[in-house]
Amino acid sequence: MSEDFYEALGVSRDASEDEIKKAYRKKAAEHHPDVSDEPNAEEKFKKIEKAKEVLSDEEKRQAYDQMGHDRFEQAEKRGGFDEGRGGGAGGMGGMGGMGGGAGGMGGVEDIFEQFFGGAGGSRGGQRGNQPRQGRNLRTAMEITLEEAYNGAEKEFTVTRPENCSDCDGKGHPDDAEVSTCRECDGTGQVTRVQQTPFGRVQQRSTCRRCGGEGETADKQCSTCGGDGIDENEVTLTVEVPEGIRSGQTLRMNGEGAPGENRGPNGDLLIDIEIKDHATFERDGDDLHYNHAISFPQAVFGDKVEIPTLDGTKKMDIPGGTQSGEQFRLRGEGMPRLRGRRSGHLYVTVQVVTPDSLNKDQREALEAFAEAGGEEVDVSEGFFEKIKNSF
């Protein structure tokens, strides 16, 4: 049998937690010493069990991927796998690793986790067949700035694990003969004594025969292969609140993965990303907008209409306004999330010089320049001179 844990379970290197669990159940049923006639069934089963233990633990799996199979097993034999996590000098490396500062302490925590329930066991010493909440799932959603401004009810589709509809998550048909697991006596866990650097300790781990269920059945569900879980596409609706920003997350309680042993579902986390807007640029709760005005408007002043996310607003341009000058429209920005006030809209005006002038316009501007004491060189281009002055 291959040394690689992924090949041992027959899964890809990017397999999900549910895929690993399903593959383990299938392989364990094939190679369990009580049901397999293979001469090396015990060895194969231990390899499958070890593969599931490592690949089901997020930190161990990350270390395994970084270190490779041989270095990972060598590190575990030394008491931990800290070198894969950037720990202290040599990680545990036996008790001497404790002198390596914070990295040494990481090794101590790892070995305690390994011997007191972390290595495939239940959290907090729970019985393996007690109800456990399902894991949280995460997805992403892109919305418009208008939807973030007004709030929205968004419908979306997500693929998630759900209890198998044919067996209701039991993993076996209704006519299957179900009995208490004789290896763990229905607890879902087995306990064995192991010698460690701290002395003799009891190590609890998930029962390899029943996979922590506490029960075994003589038949498996043909739909889910005994896993009790199917991947299904579902359509959900979420309320997007006014004022939400990119990077914030919405939570839908109970819409995550199903729990184990009739435990509650996990939650669905939705990461929000807001599309860039063609007109406005967002800065927190404030909005920024560039508005073009003509040269006469800048000189004499005017009242102009400014677009907002809630219609248009009138804004006064005082006489003598300079290009690049900024004005504020109070309360015309984004609503503050779960707040009563709103941000502001900042309007930056840009004086636009026309590309061409008719005869009357040119004469008027030449007269304007001469009245100010400027000598106009028409051959040089009066328009370019006015344009450069801004």
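Anything mentioned here points back to the structure above.
Our subject in this report is the structure included herewith.

Thresholds, definitions, all that
- Residues numbered from 1 in each chain as written.
- Predicted model: local features only at pLDDT ≥ 70, side-chain atom pairs only at ≥ 80, totals over all residues.
- Heavy atoms only, no water.
- Helix = DSSP H or I, 4+ residues; strand = E, 2+ residues; numbered from the N terminus.
- Contact = heavy atoms within 4.5 Å.
- Axes fitted to C-alpha atoms, helices over the stretch in contact; angles between N-to-C directions.
- Parallel < 35°, antiparallel > 145°, perpendicular 65-115°, else oblique.
- Nonpolar A, V, L, I, M, F, W, Y, C, P; charged D, E, K, R; others polar.
- Pairing = 2+ DSSP bridges.
- Phe/Tyr/Trp six-rings, centres within 6.5 Å; stacked < 30°, edge-to-face > 60°.
- Buried < 20%, exposed > 50% of the residue type's maximum accessible area, 1.4 Å probe, protein only.
- Lys NZ or Arg CZ within 6 Å of the ring centre and 35° of its normal.
- Expected span 1.5 Å × (residues − 1).
- Polar contact = N/O pair within 3.5 Å; in protein donor to acceptor, adjacent residues only side chain to side chain.

1. Examining the side chain of D18
Tracing the sequence through the fold places D18 in helix 2 (residues 17-31). Every residue in contact with D18, bar those within four places of it in the chain, is listed here: R135, P161, D227 and E231.

2. A short note on the packing of helix 2 against helix 3 (residues 41-55)
At a minimum axis distance of 9 Å, the contact between helix 2 and helix 3 shows a crossing angle of 170°. In this view, helix 2 runs roughly antiparallel relative to helix 3, as classed from their interaxial angle. Across the interface between the two elements, I20, Y24, K27, A28 and H31 of helix 2 pack against A41, K44, F45, I48, E49, K52 and L55 of helix 3. Counted by class, the contact of helix 2 with helix 3 contains seven nonpolar, one polar and four charged residues.

3. So, the sheet that holds strand 9 (residues 268-274)
Strand-to-strand pairing in sheets goes through backbone hydrogen bonds, with the strands running parallel or antiparallel. Spatially, the three strands line up as an open sheet ordered 1-9-8, and their pairing is mixed. The open sheet has two free edges, formed respectively by strand 1 (137-143) and strand 8 (249-252), since each of these has just one partner strand. Taking the axes of each pair of neighbouring strands and ignoring which way they run, one obtains an average angle of 25° across the sheet. Across seven bridges, the pairing between strand 1 and strand 9 is parallel. Looking at strand 9, one finds that E142 is bridged to E273.

4. Topic: the packing of aromatic side chains
For the structure shown, the criterion picks out four aromatic pairs. Ring plane angle 45° and centroid distance 6.1 Å describe the contact between Y6 and Y64, whose orientation is recorded as tilted. With Y6 in helix 1 (residues 5-9) and Y64 in helix 4 (residues 58-67), the pair connects residues that are 58 residues apart, well separated along the chain. The pair formed by Y6 and Y64 is uniform in burial state, with each residue classed as buried. Centroid distance Y64 to F72: 5.4 Å. Interplanar angle 85°. Geometry classified as edge-to-face. Like F72, Y64 is buried. Put simply, the rings of F5, Y6, Y64 and F72 touch in pairs and so form one group of aromatic residues. Directly above the ring of Y24 sits K52, whose terminal nitrogen or CZ lies 5.2 Å from the centroid.

5. Some points on helix 9 (residues 359-371)
An α-helical turn contains 3.6 residues, so a residue and the one three or four places further along point in the same direction. An ideal rise of 1.5 Å per residue puts 18 Å on 13 residues; helix 9 measures up with 18 Å between its terminal C-alpha atoms. The backbone nitrogen of D360 has a side-chain oxygen 3.2 Å away, supplied by the residue at the start of helix 9, namely N358.

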